[in-house]
Amino acid sequence: MDLSLRNRLEKSALDHGFSIPLGESDGWLCFQGHAVTARLALTTDDTGRFFVGTSHRGVGRELSSELSPAPVAHAGFDCFIAPSSGDLFRIIGRIWALARSLPNEPLAEFERLLQEGPSSTEVERLRKERIGQNVFRSALMDYWEKSCAVTGVQNPTLLRASHIIPWAKCESDEERLNVHNGLLLVATLDAAFDAGLVSFDDGGNILISTKVSDVDQVASGILPTMRLTRLNDEIAKRLSWHRTNLFEG
């Protein structure tokens, strides 16, 4: 690998938090993140395509539905094609964001923050919920790439962290803080989803309650053509619970 290409790959890794170089192995440059458990592997071929690998199995599973697998692999890594340098930069950033948001990273952050303050009855319960909601929102912003899961709106002031199974109904903090139990939604969709006036089917298509009139649908911008931009089995499982227990068809 020539020096200029090596420098480009190293800069791409460094710019996204993979700042600990682990050296070269079988033609792949490997890096460790300084604040995530994931390792990163990068290489290229003669056609100019880049290949990206992640050691984080949860991240690999998420990316497998978004990216094409690389024709070559590095042992212990899930590897994908990045057709251009722009794709390379975007995918490394996505790996970093997913590694910070997937189970059980939000739970670990939540438990760390709880240890910073005193414990006491109702005040502590409210404090715990506030910290948990803040951690959950941050994790969803990473997971959904700072965009509404339906509309693509990116203004953070307009976005809400929506639990699929509500906070109070979850059986554990692990479930409360699991990003697969959340959707990042614009405020109108969040309110409707939380009230059971909309939900989503197994294909990610929106379901609208008969309690929402056609006039209100148009006025609120809730359209029957809407669908989730991403869906996997873990999210679908929780949406099934939402349809059964909250949605007012």
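Residue numbering note: each chain is counted from 1, following its sequence as written. Given that the model is predicted, a residue must reach a pLDDT of at least 70 before its local features are reported, and side-chain atom pairs must reach 80 or more before they are shown or counted; all residues, however, enter totals for whole chains, interfaces and linings. Hydrogens and water molecules were not included; the side-chain quantities draw on all heavy atoms of the structure.

Any two side chains of opposite charge can pair, so long as their charged atoms come close to each other. The salt bridge definition used is simple: a Lys or Arg side-chain nitrogen within 4 Å of an Asp or Glu carboxyl oxygen. Scanning the model with the defined rule gives 16 salt bridges in all. The partner of R230 in a salt bridge is E66, and the shortest N-O contact between them spans 3.4 Å. Note that R230 is positioned in the loop between α8 (214-220) and α9 (233-245) and E66 in the loop between α2 (57-64) and β5 (78-82), a separation of 164 residues in sequence. Owing to a relative accessible area of 12%, R230 belongs among the buried residues under this scheme. Between R238 and E234 there is a salt bridge; the shortest N-O distance is 3.0 Å. Of this pair, R238 and E234 both sit in helix α9, four residues apart, roughly one helical turn. Here the salt bridges share partners, and the residues they tie into one network are E66, R94, E145 and R230. Numbering of helices and strands runs from the N terminus, with a helix taken as a DSSP run of H or I at least four residues long and a strand as a DSSP run of E at least two residues long. A simple rule labels every residue: compare its accessible area, found with a 1.4 Å probe on the protein chains alone, to the largest value its type can have, and call it buried under 20%, exposed over 50%, or partly exposed in between.

Structurally, T37 is set in the loop between β2 (28-32) and β3 (39-44). T37 gets classed as exposed once you look at its relative accessible area, which sits at 56%. Spatially, the C-alpha atom of T37 lies 8.7 Å from that of S55, the residues being 18 residues apart in sequence.

Moving on, we come to the sheet that holds strand β4 (residues 50-54). Being paired, for any two strands, means DSSP has found at least two bridges between them. Strand order in the open sheet made by the five strands is β1-β2-β3-β4-β5, with antiparallel pairing throughout. Of all strands in the sheet, those bounded by a partner on one side alone are β1 (20-25) and β5. Geometrically, the sheet is characterised by an average inter-axis angle of 25° between neighbouring strands, direction not taken into account. As paired strands, β2 and β3 are joined by four bridges and run antiparallel to one another. Pairing of Q32 across the sheet is with R39, part of β3. Lying on the sheet, helix α1 (residues 3-15) is in contact with β1, β2, β3 and β4; it crosses β2 at an angle near 25°. Of the strands in this sheet, β4 and β5 are in contact with α2, which crosses β5 at around 40°. All axes are obtained by fitting lines to C-alpha atoms, using only the stretch in contact for helices, and the reported angles, taken between N-to-C directions, cover 0 to 180 degrees. Only heavy atoms enter the contact rule, under which two residues are in contact if any of them lie within 4.5 Å.

All right, on to the pairing of strand β7 (residues 182-186) then. The buried fraction of β7 is high, at five of five residues. The two faces of β7 match: G182, L184 and V186 on one face and L183 and L185 on the other face are all buried.

Turning to the nonpolar core, a few remarks are in order. Generally speaking, soluble globular proteins have nonpolar side chains that are buried together. We call a set of buried residues a nonpolar core when its members are Ala, Val, Leu, Ile, Met, Phe, Trp, Tyr or Cys and they connect through side-chain atoms within 4.5 Å of each other. By size, the foremost hydrophobic cluster in this structure holds 61 residues, and its most contacted members are F18, L40, L42, V52, L183 and L189. Sequence-distant contacts of L42, that is, excluding residues within four places in its chain, are made with L9, A13, G27, W28, L29, F31, F51, V52, L88 and I92. Of all hydrophobic cores here, the second largest spans eight residues; its members include W28, A70, F77 and C79.

Attention now moves to the packing of α1 against helix α3 (residues 85-101). Working note: a packed helix pair is described by the angle between its axes plus the distance between those axes. Where α1 contacts α3, the axes come no closer than 9 Å and their chain directions differ by 30°. Crossing angle aside, the handedness with which α1 passes α3 is right-handed. Two secondary-structure elements touch here, α1 through R8, L9, S12, A13 and D15 and α3 through S85, L88, F89 and I92. The sense of a crossing depends on the near helix, which, turned anticlockwise from the far helix by less than a right angle, makes the crossing left-handed and, turned clockwise, makes it right-handed.

Quick look at the packing of aromatic side chains now. Classification of ring pairs rests on two measures: the distance between centres of Phe, Tyr or Trp rings, Trp counted by its six-membered ring, which must be within 6.5 Å, and the angle between planes, read as stacked under 30 degrees, edge-to-face over 60 and tilted in between. Under the definition given, this model contains three aromatic pairs. An angle of 80° between the planes, with centres 5.7 Å apart, marks the rings of F18 and W96 as edge-to-face. Separated by 78 residues along the polypeptide, F18 in the loop between α1 and β1 and W96 in helix α3 bring together distant segments of the chain. Taking the centre distance of 5.4 Å and the plane angle of 85° together, the rings of Y143 and W144 count as edge-to-face. For Y143, a relative accessible area of 0% corresponds to the buried category. A residue is classified by how much of its surface remains accessible, and W144, at 2% relative accessible area, is buried. The ring of W167 is capped by R176, whose NZ or CZ atom sits 5.4 Å from the centre of that ring. Above the ring of Y143, the side-chain terminus of R230 is found at 5.4 Å from the ring centroid. Put simply, a charge is over a ring when the Lys NZ or the Arg CZ is close to the ring centre, within 6 Å, and near the line of the ring normal, within 35 degrees.

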